[in-house]
Amino acid sequence: QVQLVESGGGLVQAGGSLRLSCVASGNIFVLNLMGWYRQVPGKQRELVATITTGGNTNYADSVKGRFTISRDNAENTVYLQMNNLKPEDTALYYCNGHRPLPNKDYWGQGTQVTVSS
């Protein structure tokens, strides 16, 4: 089993910054991909950014140039640095860990990010 715990959400004005953290514990060696997703009420959960065990990253077009995903393998932690935040970034942000074999996704409980205009 894998446990994911997010932190770092909050209320910020447009143009501000936040850094989200996700601490992974348990059998984390089965994961080959970590990422951040977000969801607003009434909409599907959407991908924000992912990072492989080798450090390759992928971003949603809407956050490219503003958000940076990184990982500290020694601390079993994945970060999401969010700069120049916009009101449309307001959402519940979830940490995700993907196990390829057998296929399974693990999720944290979510951390709320609210950006005021």
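The structure this text deals with has already been given above.
The rules behind each value
- Residues numbered from 1 in each chain as written.
- Predicted model: local features only at pLDDT ≥ 70, side-chain atom pairs only at ≥ 80, totals over all residues.
- Heavy atoms only, no water.
- Helix = DSSP H or I, 4+ residues; strand = E, 2+ residues; numbered from the N terminus.
- Buried < 20%, exposed > 50% of the residue type's maximum accessible area, 1.4 Å probe, protein only.
- Contact = heavy atoms within 4.5 Å.
- Areas by Shrake-Rupley, 256 points an atom, 1.4 Å probe, with all protein chains shown as cover.
- Pairing = 2+ DSSP bridges.
- Axes fitted to C-alpha atoms, helices over the stretch in contact; angles between N-to-C directions.
- Salt bridge = Lys/Arg side-chain N within 4 Å of Asp/Glu carboxyl O.
- Disulfide = S-S within 2.5 Å.

Caption draft 1: Looking closely at the overall build of the protein. Secondary structure summary: the protein contains 0 helices and 11 strands in total. Scanning the protein from its N terminus toward the C terminus, one meets helices and strands in the order β-β-β-β-β-β-β-β-β-β-β. If one aligns the C-alpha atoms of the protein with their principal axes, the spans along those axes are about 40 × 30 × 25 Å. Every one of the 117 residues in the protein was classed for burial, and the buried ones make up 41%. In the protein, 53% of the contacts between residues at least 6 apart in sequence involve partners at least 24 apart. Carbon and sulfur atoms provide 48% of the accessible area of the protein, an area that totals close to 6200 Å².

Caption draft 2: Region of interest: unusual backbone geometry. Here the amide bond leading from Leu101 into Pro102 is cis, since omega sits at -15°, within 30 degrees of zero. Mapped onto the secondary structure, Pro102 falls in the loop between β9 (91–99) and β10 (104–107). Positive phi is not limited to glycine here, since Asn76 has a value of about 55°. With respect to the secondary-structure elements, Asn76 resides in the loop between β7 (67–72) and β8 (77–82).

Caption draft 3: Quick peek at the sheet that holds β7. The strand order across the open sheet formed by 4 strands is β1-β3-β8-β7, and the pairing between neighbours is antiparallel. Every interior strand has two partners, whereas the edge strands, β1 (2–7) and β7, have only one. Taken pair by pair, the neighbouring strands of this sheet meet at an average axis angle of 15°, ignoring direction. Where β1 and strand β3 (residues 18–26) come together, 6 bridges link them in antiparallel fashion. Looking at the pairing, Ser7 lines up with Ser21 of β3.

Caption draft 4: View of the pattern of salt bridges. Per the stated rule, a full pass over the model turns up 4 salt bridges. A salt bridge links Lys64 to Asp61, with the nearest nitrogen and oxygen atoms 3.1 Å apart. Note that Arg66 is salt-bridged to Asp89, the shortest N-O span being 2.7 Å. Highlighted residues: Arg66 in the loop between β6 (57–59) and β7 and Asp89 in the loop between β8 and β9, separated in sequence by 23 residues. A relative accessible area of 8% places Arg66 in the buried class.

Caption draft 5: Examining the state of the cysteines more closely. Considering all chains together, one arrives at 1 disulfide under this definition. In this model, Cys22 is linked to Cys95 through a disulfide, with the two sulfur atoms separated by 2.0 Å. Where Cys22 bonds to Cys95 through sulfur, the torsion about that S-S bond is close to -80°, and the disulfide is left-handed. Of this pair, Cys22 sits in strand β3 while Cys95 sits in strand β9, and the two are 73 residues apart along the sequence. The pair formed by Cys22 and Cys95 is uniform in burial state, with each residue classed as buried.

Any functional reading would require information that these geometric values do not contain.
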